[in-house]
Amino acid sequence: MSTPLLMFLGFIAVTLGITYWAAGRSSGASAFFAAGRRITGWQNGLAVAGDYMSAASFLGIAGIIAFQGYDGFMYSVGWLVAYLTVLLIVAEPLRNAGKYTMADVLAYRLHPRPVRAMASLSTLTVSTFYMIAQMVGAGSLVTLLLKDSGISFHTAVVGVGLLMIVYVVFGGMLATTWVQIVKAVLLMAGTLLLSILVIAHFGGSFGTFFDAVSRVTYHDAHGVEVTQNFLQPGLRFKPPYGALDLVSLGLALIFGTAGLPHILVRFYTVPDARTARVSVVWAMALIGSFYVMTTFLGFGAATIVGRDRIASNGGINMSAPLLAQALGGDIFFAFISAIAFATILAVVAGLTISASTSFAHDFWTNVIHHGSERHPGEEVRVARLTAFVVGAVAILIAIVLGPTANVAFLVGLAFAVAASANLPAILFSLFWKRFTTAGAVTGLATGLVSSIALILISPSVMGVDPAGAAGTMRHLIQSPPLFPLENPGIVSIPLGFLGACVGTWLSREPEAEMKFAELSVRANTGLGAEKAAGH
Amino acid sequence: MNDPNDRPSQDTDKTAAVAAATDIAPRGRDEAKAADERTAPEDAHATDWERVAAMDEFKQLLAAKRRFILPATVFFIVYYFALPLLVGYAPELMKRPVWGPVNAAYLFALSQFFMAWFLAALYVRSAGRWDRLARRIIELAARLRGGR
């Protein structure tokens, strides 16, 4: 048996142990959906980091920096600064005024059924798209990492899917949280170790390191040898639309994170708003250090391994594992691969539980059954069933798409929908007294539809490929793009806000205005907020 | 109540059929009971939200929060978007080497991390003061309930 496979199995064994332990503690709605609200600040900080730093961060960003230098670092910056929006504006009011989902806050003053139905649709859209991207990524990654073990793409996808179903169905939020914590610790340790080895490779001198980064030599698409300064911007975001795309990406990252349902539900797992705040700060410390280190990983891969070797050994996403192999041999390669695998599992588990919670709590109980359970424990049973269905659907779609599908844009889509649909609704219901049900529904709908439509006609999906282009690079629609930017944020976010405003201006809802005082007191003081479960 | 048909229609009684120990607060306006339907213990916990919202202490809390959060948000949005705008529209300026081969673009990007951490630290410091105000408001609200 190969070393990577052994390490994978080790991680799986540990997480299944956690799930077994959590299963005994996950009865009751607040235990299943919110881990009894007894996660501490630093634990939740680690879990937020583990929930957030997906394979797209670890493998994707290291790869983009290794291939396109500085421009890849722009993602890293946005992904951290985005937490200021979460910390300053969203986390504490949400914890104070909500129960299990983002829609709790939206439905507080407004007619619960239409608002919850739309919010649930938006949550399911974000989670499902994000999850498909992770699953396809996981499948190709595991096949690549374990190519000596004879594990196929299908086996890998089914394996990842089954594991995430087991974590969520049996262990609920408690198991998901601890899987995320273990993953965050592993990821931070691996990244730190790798960064230290990179600097050590350059004799411990940052000067030598940056000198090498400023002269990276590789062969371009035409086989011509070029030398580039990887510290210079412009290798990825090129004229004429590069600058605009950068701003658009920035908008989606800064405003999208505070609308990501799987991040928001994490704030319901802590005892109070103060702990939610502490956990964001922990998460910012971890996420920030991680993203600073992505430059060592990416630049290290560019200089030590080289673009040419990465391209011929599995491609851009293998930059970090190949760097580990070059610096620490096969054992370290196996370790970093296992971390990548853990990363994917923790993120898909987080997505699954937020999707199931939203379906069970928002759609099933509150929209279909008018806010009450017909049988004791119905909501949790529905959530468990949903987790099973969501997992099965994700497995199926990932298998249909196959290992070469170009699905990276789905992650961008998740951020765009979160920023354009969810954030306007959250902000307005918390801070705009006049906000109405019609405003929330139109805002959510405009944001959701415009982000999806713009991505479908963007260069991420549309484009004409030269004959014989590699499968992962092929565009889904073979025709010139109608919208020039890869990221729709710059158009869809204003549209989402505009939709919410127009819907509000065209309607009046005195009942909602009357409830504003109550929501404001609750959100700002924590009066009447959900308490942690007793022992 | 044992006979399911005997239950009041869902329009009048929103008491959750099942509640975990933590399911305290009624959620959403449709879930709140009419005042004359409340049982004594429920009534004891009813808060006069309008009166709490009108308290000077609460207004102070909102003002204090606004004084920090609004400028801080504007600042970080401006500081952050300066990066893609400068990199996109003034690339020559940003490519200028500052320390050996390390250029302005990299240093500015790196500074964003320290900006975010610094702002988060400032926020936590201020929020500690708001917590004390919020606790005071919760005490006052409890007294308000007791006095009725």
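Residues numbered from 1 in each chain as written. Chains lettered and ligands numbered in written order. Predicted model: local features only at pLDDT ≥ 70, side-chain atom pairs only at ≥ 80, totals over all residues.

1. Details of the overall build of chain B
Working step 1: Broken down by element type, chain B carries five helices and two strands.
Working step 2: Starting at the N terminus, the α and β elements of chain B follow one another as α-α-α-α-β-β-α.
Working step 3: Per-residue burial over chain B gives 18% buried out of 148 residues.
Working step 4: Counting contacts in chain B only where the partners sit at least 6 residues apart, residues at least 24 apart contribute 57% of the total. (Helix = DSSP H or I, 4+ residues; strand = E, 2+ residues; numbered from the N terminus. Buried ≥ 20, exposed ≤ 12 C-beta atoms within 10 Å, placed from the backbone. Contact = placed C-beta atoms within 7 Å.)

2. Notes on the nonpolar core
Working step 1: Tyr83(A), Leu106(A), Met135(A), Ile287(A) and Leu345(A) are the most contacted members of the largest nonpolar core, which has 219 residues in total.
Working step 2: Looking at this core element by element, the count peaks at 29 residues for helix α14 (residues 319–368) of chain A.
Working step 3: Beyond its immediate stretch of four places on either side in the chain, Tyr83(A) contacts Thr257(A), Val280(A), Ala283(A), Met284(A), Ile287(A) and Ala116(B).
Working step 4: Among the nonpolar cores identified, the runner-up in size contains eleven residues, and Val521(A), Trp49(B), Leu61(B) and Ala134(B) belong to it. (Core = buried A, V, L, I, M, F, W, Y, C linked by C-beta atoms within 7 Å.)

3. As for helix α3 (residues 41–52) of chain A
All names here are of chain A.
Working step 1: Between its first and last C-alpha, α3 extends 16 Å over twelve residues, near the 16 Å set by a 1.5 Å rise per residue.
Working step 2: The element α3 is extensively covered by neighbouring structure, given that ten of its twelve residues are classed as buried.
Working step 3: Every buried residue of α3 is listed here: Gln43, Asn44, Gly45, Leu46, Ala47, Val48, Ala49, Gly50, Asp51 and Tyr52.
Working step 4: Packing partners of the buried residues in α3 comprise α8 (153–201), α11 (261–264), α12 (273–305) and α14. (Expected span 1.5 Å × (residues − 1).)

4. Points about the interface of chain B and chain A
Working step 1: Across the contact, 60 residues belong to chain B and 63 residues belong to chain A.
Working step 2: Within the residue set of the side of chain B that touches chain A, elements represented by two or more residues are α2 (49–54), α3 (56–89), α4 (91–94), β2 (102–103) and α5 (104–146) of chain B.
Working step 3: Ranked by residue count, the leading element in the side of chain B that touches chain A is α5(B), at 17 residues.
Working step 4: Here the side of chain B that touches chain A is built from residues that sort into 42 nonpolar, nine polar and nine charged. (Nonpolar A, V, L, I, M, F, W, Y, C, P; charged D, E, K, R; others polar.)

5. Structural notes on the pairing of strand β2 (residues 225–228) of chain A
Residue and element names in this part refer to chain A.
Working step 1: As defined by bridge partners, strand β1 (residues 216–219) adjoins β2 across four bridges and the pair is classed as antiparallel. For Val216, the partnering residue across the bridge sits in β2 and is Gln228.
Working step 2: Counting the residues between successive antiparallel strands, the hairpin from β1 to β2 contains five residues, one of them, Gly223, with a positive phi of roughly 80°. (Pairing = 2+ DSSP bridges.)

6. Description of the packing of helix α4 (residues 55–68) of chain A against helix α5 (residues 70–97) of chain A
Packed helices, taken two at a time, are described by the angle between their axes plus the distance between the axes.
Working step 1: Their axes nearest at 6 Å, the elements α4(A) and α5(A) cross at an angle of 145°. Each of Ser57(A), Ile61(A), Ile64(A), Ile65(A) and Gln68(A) in α4(A) lies in contact with α5(A), whose residues at this interface are Asp71(A), Gly72(A), Phe73(A), Tyr75(A), Ser76(A) and Trp79(A). (Axes fitted to C-alpha atoms, helices over the stretch in contact; angles between N-to-C directions.)

7. Focus on the environment of Ala49(A)
All names here are of chain A.
Working step 1: Note that Ala49 resides in helix α3.
Working step 2: On the basis of neighbour count, Ala49 is assigned to the buried category, with 28 C-beta atoms found within 10 Å.
Working step 3: Contact partners of Ala49, with chain neighbours within four places excluded, come to Ala184, Ala283, Leu286 and Ile287.

8. Re helix α18 (residues 489–505) of chain A
All names here are of chain A.
Working step 1: Between its first and last C-alpha, α18 extends 24 Å over 17 residues, near the 24 Å set by a 1.5 Å rise per residue.
Working step 2: Where α18 is concerned, the buried positions are Gly489, Ser492, Ile493, Leu495, Gly496, Phe497, Gly499, Ala500, Gly503 and Thr504.
Working step 3: The inward-facing, buried residues of α18 abut α10 (242–256), α16 (409–431) and α17 (437–456).

9. Re the environment of Leu61(B)
Working step 1: Its location among the elements puts Leu61(B) in helix α3.
Working step 2: Taking the C-alpha atoms as reference points, Leu61(B) and Tyr79(B), 18 residues apart in sequence, are found 27 Å from one another.
Working step 3: With near-sequence residues (within four places) excluded, Leu61(B) lies in contact with Asn524(A), Trp130(B), Leu133(B), Ala134(B) and Ile137(B).

10. Some points on unusual backbone geometry
All names here are of chain A.
Working step 1: Although it is not a glycine, Ala35 sits at a positive phi angle of roughly 50°.
Working step 2: In this fold, Ala35 is placed in the loop between α2 (29–34) and α3.
Working step 3: Its identity is not glycine, yet Arg37 carries a phi of approximately 55°, on the positive side.
Working step 4: Within the secondary structure, Arg37 sits in the loop between α2 and α3.

11. Structural notes on the environment of Leu519(A)
All names here are of chain A.
Working step 1: When you line up the elements, Leu519 lands in helix α20 (residues 516–525).
Working step 2: Residues Leu519 and Phe431, spaced 88 residues apart in sequence, show a C-alpha to C-alpha distance of 9.6 Å.
Working step 3: With near-sequence residues (within four places) excluded, Leu519 lies in contact with Ala97, Tyr108 and Arg109.

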